Amino acid sequence: MAPTHVLRCCQRGLAWIPVIFIALVVCWSYYAYVVELCLFLLLMTVLSLFHAVVYLAVFHVSFIMFVWSYWKTIFTRPSTPSKEFCLPKSEKEQYEKEQRPETQQEILKRVATSLPLYTRTGAGAIRYCDRCQVIKPDRCHHCSACDMCVLKMDHHCPWVNNCVGFSNYKFFILFLTYSLVYCLFIAASVLQYFIKFWTSDLPESHAKFHVLFLFFVAAMFCISILSLFTYHLWLVGKNRSTIEAFRAPVFRNGPDKNGFSLGFSKNIAQVFGDQKLYWLLPVFTSQGDGFSFPTRLVTVDPEQPTECLQPGGLDKG
Ligand SMILES: [Zn+2]
Ligand SMILES: [Zn+2]
């Protein structure tokens, strides 16, 4: 038992390395920008108070927003299925005793009738996690890194050492947005001093090293974040998770990659909420409970003939 426990602790510790790396780069960028560029180079060498004040003001706004959204993405716990998705005691015992998958499915189907479920496995069965022993709600997936079922799981992100899902997807998008803003602002404001150092228009000093590296690092991060950022904006517009983009969710009438799409503006509201005032703040405003999602089902469910599902309508079951 002990060696496995030690191994798990080591794994958990090692998983923080990418986060610590990012934190160190951010701390250095703060020092390089504020102390070396603004206080030393601009105030004492170039003597430009105006530029120093404007740069420091914009820098601190983007820095605070970046750190805030990064913090929220890392430390918001992923939401997991509620108790309703666990099998009741008697059904659970029956399920565990049963060897035949068909009979196990019968038990799951019986329990699932009271749950808001629209998706199935590729073979048409009820989605059940043997590890967590729960019926998986729509869009929920088991994360092997976190060892739990995560609601509306998008992906497990090593850079935040956390699962990105229903509880923190908005924070993750804002983290990408503000890291892009932060890097773009640094690269744009440092560019002219970068060129001046390069062409020897500025005297040699310790600020030179920091200014040159600031530009390189900011530009490099900009390029790498930009593709991920645009991809996730596209996913938000389509109301798809990364997992669903690779494998379309299977509804009772087959796979449908647009099954959860409600139209562009409603899709955005699903993640960011309907109050635009809060869109850019890393506070939770996503719609719904994470267990059930409005779907775009176009056919009437043969198993529930009383339900009338409209195309583009909101059928929450
Ligand atoms: Zn699970
Ligand atoms: Zn995870």
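Conventions and cut-offs
Residues numbered from 1 in each chain as written. Chains lettered and ligands numbered in written order. Predicted model: local features only at pLDDT ≥ 70, side-chain atom pairs only at ≥ 80, totals over all residues. UniProt positions renumbered as here; feature names shortened; annotations may be inferred. Helix = DSSP H or I, 4+ residues; strand = E, 2+ residues; numbered from the N terminus. Buried ≥ 20, exposed ≤ 12 C-beta atoms within 10 Å, placed from the backbone. Contact = placed C-beta atoms within 7 Å. Axes fitted to C-alpha atoms, helices over the stretch in contact; angles between N-to-C directions. Parallel < 35°, antiparallel > 145°, perpendicular 65-115°, else oblique. Nonpolar A, V, L, I, M, F, W, Y, C, P; charged D, E, K, R; others polar. Pairing = 2+ DSSP bridges. Core = buried A, V, L, I, M, F, W, Y, C linked by C-beta atoms within 7 Å. Left-handed = near helix turned anticlockwise from the far one by under 90°. Expected span 1.5 Å × (residues − 1).

- As named in an unreviewed UniProt entry, the protein chain is Palmitoyltransferase, taken from Sinocyclocheilus rhinocerous.
- According to the UniProt record, the Subcellular location (unreviewed entry) comment for the protein chain reads "Membrane".
- The UniProt entry for the protein chain carries the following text under Catalytic activity (unreviewed entry): "L-cysteinyl-[protein] + hexadecanoyl-CoA = S-hexadecanoyl-L-cysteinyl-[protein] + CoA".

1. A closer look at the overall build of the protein chain
Now for step 1: Along the backbone of the protein chain there are nine helices and nine strands.
Now for step 2: Each principal axis of the C-alpha distribution contributes one length, and for the protein chain these read about 80 × 55 × 25 Å.
Now for step 3: Within the protein chain, the fraction of its 317 residues that count as buried is 31%.
Now for step 4: Counting contacts in the protein chain only where the partners sit at least 6 residues apart, residues at least 24 apart contribute 59% of the total.

2. Regarding the packing of helix α7 (residues 206-238) against helix α9 (residues 264-272)
Now for step 1: Closest axis-to-axis distance for the α7/α9 pair is 6 Å, and the angle between their directions is 110°. One element, α7, and the other, α9, form an angle in the roughly perpendicular class. Judged by residue contacts, Val-236, Gly-237 and Lys-238 of α7 engage Phe-264, Asn-267, Ile-268 and Val-271 from α9.
Now for step 2: Residues belonging to the contact of α7 with α9 are distributed by class as follows: four nonpolar, two polar and one charged.

3. Section: the sheet that holds strand β9 (residues 254-255)
Now for step 1: Strands sit in the order β1-β8-β9 across an open sheet of three strands; the sheet is antiparallel. Each edge of the open sheet is held by one strand with a lone partner, namely β1 (119-120) and β9.
Now for step 2: Sheet analysis places β1 next to strand β8 (residues 250-251), joined by two bridges and oriented antiparallel. Along β8, the bridge assignment pairs Thr-119 with Phe-251.

4. Quick word on the nonpolar core
Now for step 1: Ranked by size, the top nonpolar core spans 53 residues in total, and within it Leu-37, Ile-186, Val-190, Val-211, Leu-214 and Ala-218 carry the most contacts.
Now for step 2: Elements supplying a minimum of two residues to this core: α2 (17-45), α3 (49-75), β3 (134-135), β5 (148-150), β7 (162-164), α6 (169-198), α7 and α9.
Now for step 3: Residue contributions to this core peak at 16 residues, all from α6.
Now for step 4: Among all residues touching Ile-186, those that are not within four sequence positions of it are Ser-29, Tyr-33, Leu-214 and Ala-218.

5. Re the environment of Lys-238
Now for step 1: With respect to the helices, strands and loops of the structure, Lys-238 is situated in helix α7.
Now for step 2: Separated by 56 residues in the primary sequence, Lys-238 and Pro-294 have C-alpha atoms spaced 13 Å apart.

6. Some remarks on the UniProt feature "transmembrane region" (unreviewed entry) in the protein chain
Now for step 1: Feature annotation in UniProt places "transmembrane region" (unreviewed entry) on residues 12-33, 39-68, 171-195 and 207-231, given in this structure's numbering.
Now for step 2: Secondary structure across residues 12-33 comprises 91% helix and 0% strand; the distance between its end C-alpha atoms is 33 Å.
Now for step 3: End C-alpha atoms of residues 171-195 are separated by 35 Å, and the span's content is 100% helix alongside 0% strand.

7. Considerations on the UniProt feature "domain: Palmitoyltransferase DHHC" (unreviewed entry) in the protein chain
Now for step 1: In the numbering used here, UniProt assigns the "domain: Palmitoyltransferase DHHC" (unreviewed entry) feature to residues 127-246.
Now for step 2: When the span residues 127-246 is considered, its composition is 57% helix and 13% strand, and the gap between its end C-alpha atoms is 18 Å.

8. Overview of the packing of α3 against α6
Now for step 1: Relative to each other, α3 and α6 sit at 155°, their axes nearing to 8 Å. Taken together, the axis directions place α3 and α6 in an arrangement best described as roughly antiparallel. Crossing handedness for the pair α3 and α6: left-handed. Between α3 and α6, the residues in contact are Tyr-55, Val-58, Phe-59, Ser-62, Phe-63, Met-65, Phe-66, Ser-69, Tyr-70, Lys-72 and Thr-73 and Phe-171, Phe-172, Leu-174, Phe-175, Tyr-178, Ser-179, Val-181, Tyr-182, Phe-185 and Ser-189, respectively.
Now for step 2: For the contact of α3 with α6, the residue count by class is 15 nonpolar, five polar and one charged.

9. Thoughts on α7
Now for step 1: Compared with the 48 Å implied by 1.5 Å per residue over 33 residues, the 48 Å span of α7 between its first and last C-alpha is a close match.
Now for step 2: Within α7, burial applies to Ala-207, His-210, Val-211, Leu-214, Phe-215, Ala-218 and Phe-221.
Now for step 3: On the buried face of α7, the contacting elements are α2 and α6.
Now for step 4: Backbone geometry just downstream of α7 places Asn-239 in the positive-phi region, at approximately 55°.

10. Here's the deal with unusual backbone geometry
Now for step 1: The phi dihedral of Arg-139 falls on the positive side, at around 70°, and the residue is not glycine.
Now for step 2: The residue Arg-139 is located in the loop between β3 and β4 (141-143) in this model.
Now for step 3: The class of Arg-139 is buried, set by 26 C-beta atoms lying within 10 Å.
Now for step 4: At Asn-161, a residue that is not glycine, the phi angle is positive and equals roughly 45°.
Now for step 5: Checked against the element boundaries, Asn-161 lands in the loop between β6 (155-157) and β7.
Now for step 6: Assessed through the 20 C-beta atoms surrounding it within 10 Å, Asn-161 is described here as buried.

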